[in-house]
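# Inside the fold
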Amino acid sequence: MPVINRIADFAEDMTAWRRHLHQYPELGFECHETASFVVEKLRSFGVDEIHEGIATTGVVAIINGKAAGPTIGLRADMDALPMQEETGLAYASKVAGRMHACGHDGHTTMLLGAARYLAETRNFAGRVALIFQPAEENGGGGEVMVKEGILERFDITEVYALHSGPGDAVGAFYTTPGPIMAAVDSFHIHITGIGGHGAYPYETADPVVAAVGMVNAIQTIVSRNHVPFEDLVVSVTQIHTGSADNIVPEKAYINGTVRTMAKSVQEMVEKRLTEIVAGHAAAYGVQAEVIYERGYPATINDAEKTAFAAAVAREISPDVDDARQYDMGAEDFSYFLEKRPGAYVYVGNGDSAGLHHPKYDFADGAAPAGASYFARLVERALPAA
């Protein structure tokens, strides 16, 4: 079964929707115009219920099938990134310093396409909950929607999401059971010493030397403290200190990111980081504070639902990889998957610029494939009698 014919019929409409959304990107939880556009389309499709204002601008819409049954959740994120677009496209962002560089305009469009088809056909027994989420890039909108109780409120039993996949053929699909994306944490180290003249360092407690020692020692967490068969990335990404060549500063700041798949590894990193900083602070005679912030948890696909999702994807495309290597990026769909079984799947975007690149653009040719996948998920998961 290729792309669903009815969805192919309104592929041009989906392109228009996506390019409109692309021109008016919004950030974080403030997806007001995007949500209004989504609601307008959903009303025109004749969905049964529309619930607004969830996690500030999130939307959940309900479509009832031909008979009673469980509720399947389909999620799309709506927010953009705070960066300047460099595509030069006729439909490029009209908002300076903002762009859809991660395909969320396409994700929203694919779910709208599925909604239009499902509202027309209703060839399933149960309900579909269409989840349009703000603040995936920053703020954890997925966590907020889960905490606000949408899974319980709408009796959602399983959840699925799609993401653009640059580098794979347009309309191809890939996923993997188990971990598919990492947990993401960040750390902030604030060092306070005694400043003074660069000519008299013996009168100071130098935070620069302490910071350099800490950064070097932090690298040993990966090389000496973790089991090599477990995945871990620890990257120091910022060091800020000093103002002149003849002044020993009073303060220094270190910042970085931690990516893990297992909670035990995550806990080990936090413990070792705290110990390393405390030890170096004592050795160099400075004070140091570690702020370790837990971010999005690992995105872990349910094995059974992933096999089901891959089987559905094969109805749409012959190009499906269901054993793709996971990566160390992060995604707040993880909060949904902590509470309900489901699968996170990528749809190919062709030979495009990478995600979060100023020249990235969602491939409109992928939208009918993604919408067809979403629609078939519902029809296969909730077959009508």
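Before any of the text, the structure's been laid out above.
Source: prediction; values computed, not measured.

## A word on the nonpolar core
- One finds Leu42, Leu130, Phe132, Phe173 and Tyr373 to be the most contacted residues of the largest nonpolar core, which totals 57 residues.
- Top contributing element to this core by residue count: helix α12 (residues 366-381), with nine residues.

## A word on the packing of helix α10 (residues 303-316) against α12
- Contact geometry of α10 with α12 gives a least axis separation of 9 Å together with a crossing angle of 125°. The orientation of α10 with respect to α12, classified from their angle, is oblique. As α10 runs across α12, the sense of the crossing is right-handed. Facing Phe308, Ala309, Val312, Ala313, Glu315 and Ile316 of α10, the residues of α12 in contact are Ala369, Ser372, Tyr373, Arg376, Leu377, Arg380 and Ala381.

## Digging into the sheet that holds strand β12 (residues 251-260)
- Ordered in space as β10-β12-β8-β13, the four strands form an open sheet in which the pairing is antiparallel. Both edges of this open sheet fall to β10 (232-241) and β13 (287-294), since each of them pairs with a single strand only. Pairs of neighbouring strands in the sheet enclose a mean axial angle of 15°, with direction left out of account.
- As paired elements, β10 and β12 share nine bridges and run antiparallel to each other. What sits directly across from Val233, in β12, is Arg259.
- The sheet contacts of helix α7 (residues 207-218) involve β8 (183-192), β10, β12 and β13, and relative to β8 the element is tilted by about 155°.
- Contacts from helix α9 (residues 263-284) reach β8, β10, β12 and β13 within the one sheet, and its direction differs from that of β13 by about 170°.

Criteria and thresholds
- Residues numbered from 1 in each chain as written.
- Predicted model: local features only at pLDDT ≥ 70, side-chain atom pairs only at ≥ 80, totals over all residues.
- Heavy atoms only, no water.
- Core = buried A, V, L, I, M, F, W, Y, C linked by side-chain atoms within 4.5 Å.
- Buried < 20%, exposed > 50% of the residue type's maximum accessible area, 1.4 Å probe, protein only.
- Helix = DSSP H or I, 4+ residues; strand = E, 2+ residues; numbered from the N terminus.
- Axes fitted to C-alpha atoms, helices over the stretch in contact; angles between N-to-C directions.
- Parallel < 35°, antiparallel > 145°, perpendicular 65-115°, else oblique.
- Left-handed = near helix turned anticlockwise from the far one by under 90°.
- Contact = heavy atoms within 4.5 Å.
- Pairing = 2+ DSSP bridges.

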